[in-house]
Amino acid sequence: MGATMLIQKAFVPKYALDLAGGTTVTLSPVTQAGAAPSQESLDLAVNIIRERVNGTGLADADVARSGNNIVISVGGAGTDEVVKSVGTTAELRFRQVLAVAAATATPGKLPTAPATPVPSGSGSPAPTGKGSSKPTSSVKPSSTANPAPSGTPAGRALSSALTAPTPSPSASGGKATPSGKATPVPSSSAASGQPSAQPTAPATQDPLAGADLTGVDPAVAAQFKTLDCTKKDRGQGVQDNPDKQIAACSDDGTAKYVLEKAAVKGTEVSGATSGVDSTTGEWIVSVNFKSKGASQFAQVTGQITTAPQPRNQLAMVLDGVVISAPVIEEPIPGGQARISGSFTQKTSTDLANQLKYGALPLKFVQSSIEEVSSTLGADQLKGGLLAGGIGLILVVLYSLLYYRGLGLVAVASLGVATILTYQAVVLLGHNANFRLSLPHIIGLIVSIGITADSFIVYFERMRDEMKEGRRSLRVAVEVAWVRARRTILIADAVMFIAALVLYFLAVGGVAGFAFAMGLTTLIDIMVVFLFTKPFVAALAKVPFFAKGHKLSGLDAERMSREPSDVRTTVTQEG
Amino acid sequence: MSRIGVIGRRLYRGEVDIDFVGRYRLWYSLSGLLLVISLAGLLVQGLNLGVEFKGGSVFSFAKPPSSTIQDVRSTVENAGVHQVIVQEAGPRWRVTTESLPVSEVSRIQNVISQKYDIAGNQVSKQIIGATWGGEVLNKAIIGLIVFMIAIILYLTLAFEWKMALAAVVALIHDLLITAGIYAWSGFEVTPATMLGFLTILGYSLYDAVVVFDMIKEVTAKLGTTSKMTYTEAANNALNHTLIRSLNTSLVAILPVAAILFIGTTLFGAGTLKDLSLALFVGMIVGTYSSLCVATPLLVRLKEREPKYLAIAKRLATNKSGSAVKDAVPSGGKGKQPAAVTTSTSTGSSNGAVATDKRKKR
């Protein structure tokens with residue numbers, strides 16, 4: 001490890017905010033009803049919060065999940081910005097797209113309908129790329145087919161049933177629909193890449209040039225013009241008013257949209273799953289709506305499916321950004337829809353999770369906020385190190401007083417353990433982003449006792465063996481080791497179980513403390529097996545110890561019994 | 001040489017023979033009394049929960065030279081806060097208030113920073129939601145229960161269930177008494193204190209495990225023709241590990257005492273003090289319980305097993321009527337009759353042949 005430290009030029013541990021100074025905000029996400037959130041939505045919530053915090057532009061912000069909580073750590077002061085950015089509930093809405101443009105405010109360059117290769121224009125799409133559809137039954141049942149284009153930009157199609165691939169213009173009514181794919185739409189998660197790709201589409205062009213502005217609120221149009229989705233703050237975390245039009249960015253920052261009032265709220269989603277379409281082998285996402293949502297969804301899809309591109313797209317907006325904006329290929333009654341096109345397993349799962357999350361949006365309760373000034377942090381570090389130093393010295397003194405020569409072995413072993421621990425902390429800091437905190441330091445100090453105990457168990461066993469008078473030191477060292485080893489392993493196992501349980505079940509500082517305890521327990525085993533035992537065995541050959549010099553800790557006076565004392569010894573029966 | 005000197009020398013050489021097990025009535029009454037007092041404390045007094053459990057806001061800043069507690073309190077009160085507690089924490093003031101909204105906390109931070117001419121970012125602040133402490137507490141309790149189950153399983157595998165039970169009873173004993181001390185003394189219970197409580201678990205068990213390991217080793221040799229009852233053997237084992245137990249406890253307590261000292265003198269209120277105080281108290285109780293509670297309890301459980309009952313009965317009759325208990329001399333002189341023989345009777349399964357000779361003294 002020492003070599004690694006040299007190579008990495010890492011000599012100092014990284015400190016957590018309670019020692020370095022900084023702000024820690026602990027959020028406890030709960031559903032609107034106050035229930036505990038599911039694991040998936042927690043993971044998603046972490047991503048949402050991370051996006052929001054990034055939007056604030058605070059350097060060094062770290063967002064991590066800790067049990068059921070989300071912990072945001074920011075070096076330096078920044079409470080107000082962080083708290084402001086994370087205060088709101090992240091919600092999901094379905095909104096009709098009114099206009100689309102490339103990400104930046106600059107007009108022109110990217111055609112809007114980037115994505116996919118299909119001409120979108122109006123009507124019908126031809127199946128391009130991959131998607132094919134497959135016929136299945138009709139309407140509502142979920143499955144429908146259709147694939148979409150591929151590129152990442154996800155052109156996606158939303159359909160309810162699948163039909164044969166006839167290209168049909170969407171326009172006409174809906175029932176049987178064509179599945180084609182037509183859909184070029186930017187957006188979509190994943191893909192960043194391609195926005196530009198195929199400029200083909202005629203449909204829209206410059207930011208707003210050529211776009212049909214009918215029905216667009218001028219204020220929103222103005223907002224749209226200035227919206228720059230390439231910035232860090234793309235509007236994530238903005239709580240959109242469902243009754244107003246909004247301008248929003250795609251989540252990858254490659255496109256921006258003008259969106260109609262919310263047609264369906266995320267809470268009307270009853271479920272979403274990702275899976276592979278059995279016929280096409282493509283990844284798709286199926287969405288189900290509750291009854292009210294189903295009729296709202298049927299209504300909006302019925303209305304917009306006949307609209308020209310891009311107004312036939314229905315955007316899903318989560319936490320202020322568009323996560324997907326598939327083309328609606330047909331009216332979708334029945335509350336079951338599927339989204340297809342250019343998904344990978346990961347992107348389809350992500351989208352399904354986002355939709356599910358939208359069904360049960362989380363509130364973020366600020367459980368605790370701690371802002372440690374740099375001086376307080378430095379004081380705590382100093383105090384922790386001082387306490388550790390004093391503790392170590394006391395243990396060393398006691399070992400030397402009580403065990404004399406053997407005490408040196410204990411001291412050397414403690415020294416080795418200390419060095420190993422320090423190296424582990426430094427390397428974990430540089431390679432695994434481990435931050436040393438006050439609870440860690442305390443855990444390490446407390447563990448000095450555990451490490452020392454292993455030596456004590458071993459030494460006492462040795463003395464027992466010798467006292468029984470049957471063994472020379474060299475034999476005693478080995479016999480005692482066999483017995484002490486088992487005790488040490490069992491006792492360390494108990495400590496390790498304690499550390500594991502605390503680490504996984506506890507919150508905040510307790511977990512850090514447990515981590516330190518577990519780490520030192522492992523180091524203890526290593527040191528005792530690889531250092532202490534061989535060291536003692538080697539010393540046993542040295543006359544100073546073998547002959548029982550007075551200062552060796554193994555002197556005869558100490559080992560012998562007082563004549564009058566008929567002590568009970570362990571009888572060797574059987 | 002004085003008596004203390006003798007004991008010291010004996011301890012040093014590891015020559016002790018104290019009848020821990022035989023005095024179980026003494027220990028049980030002592031522990032029982034402590035438990036009753038502790039439970040009464042918990043019920044009557046309750047624990048003095050820190051702001052981390054109740055919710056509230058805490059400000060901490062370096063003491064300006066001229067400030068006094070009253071001064072700081074009135075500054076914060078004038079800023080519109082009602083419940084203000086000002087504590088001295090080493091070189092800093094620690095101001096605890098009711099739970100304030102974020103904007104209010106920032107405002108107070110500014111007030112303090114202006115009044116005492118401290119840079120705003122040097123005023124540390126902490127806001128704890130009222131439910132947060134409850135969560136911390138719940139997690140700790142769940143952790144405790146899972147831990148106990150895991151330990152019972154592990155010790156049952158490594159030793160046997162009676163040892164697991166005895167160890168866990170000793171553990172609960174330690175926790176209750178430590179909590180009782182906190183209740184009666186009014187020490188503040190913070191998350192750091194809970195860290196301490198949880199660590200006590202580890203220590204208490206660790207100690208018990210080492211003792212039990214020795215008991216297991218010694219008692220494994222007890223055959224039906226044994227010269228020792230389980231009680232005697234266990235007591236013997238306990239004395240064997242006594243030095244180790246005391247040494248270990250001392251070595252464990254030394255660093256904790258160091259933290260306690262530093263925490264108290266340099267920091268006043270705070271993590272270091274809270275944690276080390278709990279550890280300090282808990283370790284002392286833990287050392288006592290692994291010697292005087294866990295082992296006697298284990299012995300009570302084991303002596304009911306037919307095998308050991310038979311040994312005890314046989315030895316009792318052999319001893320011309322003296323009761324089993326008397327075979328365990330109390331007092332430090334420790335002339336236990338059992339040991340000296342080196343009889344090599346093999347076979348624990350030899351049946352309770354009463355052929356073995358009286359042990360010599």
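Residues numbered from 1 in each chain as written. Chains lettered and ligands numbered in written order. Predicted model: local features only at pLDDT ≥ 70, side-chain atom pairs only at ≥ 80, totals over all residues.

## Some details on the overall build of chain B
Our working definition: Here a strand is any run of E in DSSP of at least two residues, a helix any run of H or I of at least four, and the numbering for each starts at the N terminus. Any residue whose C-beta has 12 or fewer other C-beta atoms within 10 Å is treated as exposed, any with 20 or more as buried, and any in between as partly exposed, C-beta atoms being built from the backbone.
A count of helical and extended segments in chain B gives 11 helices and six strands. Expressed as a percentage of the 361 residues in chain B, the buried residues total 50%.

## Points about the overall build of chain A
Rules: By the criterion used throughout, residues are in contact when their C-beta atoms, derived from the backbone, lie within 7 Å.
Looking only at helices and strands, one finds 14 helices and 14 strands in chain A. Counting every position in chain A, which comprises 574 residues, the buried fraction comes to 58%. Nonlocal contacts in chain A, meaning residues at least 24 apart in sequence, comprise 75% of its contacts between residues at least 6 apart.

## Remarks on the confidence of the model for chain A
Residues and elements named next belong to chain A. Spelled out, the test is: Predictor confidence is given residue by residue as pLDDT, running from a minimum of 0 to a maximum of 100.
Residues of chain A with pLDDT of at least 70 account for 70%, and the chain-wide mean is 71. Across residues 106-154 the pLDDT falls below 50, and counting only partners more than four positions away or on other chains, this stretch makes 232 contacts in the model. Here residues 161-205 scores under 50 on pLDDT; set against residues more than four positions off or in separate chains, the count is 212 contacts.

## Topic: the packing of helix α8 (residues 374-403) of chain A against helix α10 (residues 438-467) of chain A
Residues and elements named next belong to chain A. Put simply, the rule is: Helix axes use the C-alpha atoms of the stretch in contact, all axes being lines fitted to C-alpha atoms, and the angles between their N-to-C directions lie in the range 0 to 180 degrees. Note that the term roughly parallel is reserved for angles under 35 degrees, roughly antiparallel for angles over 145, roughly perpendicular for angles of 65 to 115, and oblique for everything else. Each residue gets one of three labels, nonpolar for Ala, Val, Leu, Ile, Met, Phe, Trp, Tyr, Cys and Pro, charged for Asp, Glu, Lys and Arg, and polar for the others, Gly among them.
Axis separation between α8 and α10 bottoms out at 9 Å; the angle between their running directions is 10°. Our classification of the angle between α8 and α10 gives roughly parallel. Counting all contacts with α8, which are made through Gln380, Gly384, Ala387, Gly388, Gly391, Leu392, Val395, Ser399 and Tyr403, the residues of α10 involved are Leu438, Ile441, Ile442, Leu444, Ile445, Ile448, Ala452 and Phe459. Of the residues contributing to the contact of α8 with α10, the split by class is 12 nonpolar, five polar and no charged.

## So, helix α3 (residues 39-55) of chain A
Put simply, the rule is: Every helix has an expected span of 1.5 Å times one less than the residues it contains.
The first and last C-alpha atoms of α3 of chain A sit 24 Å apart over 17 residues, in line with the 24 Å expected at 1.5 Å per residue. Residues Ser41, Leu44, Ala45, Val46, Ile48, Ile49, Glu51, Arg52, Val53 and Gly55 of chain A constitute the buried set of α3 of chain A.

## Some details on the sheet that holds strand β7 (residues 255-265) of chain A
All names here are of chain A. Formally: Here, any two strands with at least 2 DSSP bridges between them count as paired.
Strand order in the closed barrel formed by five strands is β4-β7-β6-β11-β10, and the pairing between neighbours is mixed. When strand polarity is set aside, the average angle formed by the axes of neighbouring strands in this sheet is 55°. In the sheet, strand β6 (residues 246-250) pairs with strand β11 (residues 321-324) via two bridges, with the strands oriented parallel. Considered in β11, the bridge of Cys249 is made with Val321.

## Brief notes about the sheet that holds strand β3 (residues 69-75) of chain A
The pairing of strands in a sheet comes from backbone hydrogen bonds and takes either a parallel or an antiparallel form. Across the sheet, eight strands lie side by side as β2(A)-β3(A)-β1(A)-β14(A)-β5(B)-β2(B)-β4(B)-β3(B); this open sheet has antiparallel pairing. Here the strands that pair on one side only, and so sit at the sheet edges, are β2 (62-66) of chain A together with β3 (84-89) of chain B. Neighbour-to-neighbour, the strand axes of this sheet turn through a mean angle of 20°, independent of strand direction. In terms of strand pairing, strand β14 (residues 362-372) of chain A meets strand β5 (residues 124-128) of chain B through four bridges, oriented antiparallel. Bridge pairing links Glu371 of chain A to Lys125 of chain B in β5 of chain B. Packed onto the sheet, helix α5 (residues 102-115) of chain B meets β14 of chain A together with β2 (56-62) and β5 of chain B and runs at close to 20° relative to β2 of chain B.

## A closer look at the pairing of β2 of chain B
Consecutive side chains along a regular strand alternate between the two faces of the sheet. All names here are of chain B. Judged by how many residues are buried, β2 sits mostly within the fold: six of seven residues are covered. Sheet analysis places β2 next to β5, joined by five bridges and oriented antiparallel. By the bridge assignment, Val58 is partnered in β5 with Gln126. As defined by bridge partners, β2 adjoins strand β4 (residues 92-97) across six bridges and the pair is classed as antiparallel. Following the sheet pairing, Ala62 is matched in β4 by Arg92.

## Topic: the environment of Val86 of chain A
By the secondary structure assignment, Val86 of chain A is in helix α4 (residues 79-86). A sequence separation of 36 residues divides Val86 of chain A from Arg50 of chain A, and the C-alpha atoms of the two residues are 9.4 Å apart.

## Topic: the nonpolar core
Counted only if it meets this: Definition of nonpolar core: a set of buried Ala, Val, Leu, Ile, Met, Phe, Trp, Tyr and Cys residues joined via C-beta atoms within 7 Å. Each domain's limits were defined by an automated method or a database of domain assignments.
By size, the foremost hydrophobic cluster in this structure holds 236 residues, and its most contacted members are Ile49, Ile72, Tyr257 and Val322 of chain A together with Ala167 of chain B. At 18 residues, helix α8 (residues 191-219) of chain B tops the list of elements feeding residues into this core. Counting residues domain by domain, this core receives three or more from each of domain 1 (3-48 + 132-313) and domain 2 (56-128) of chain B.

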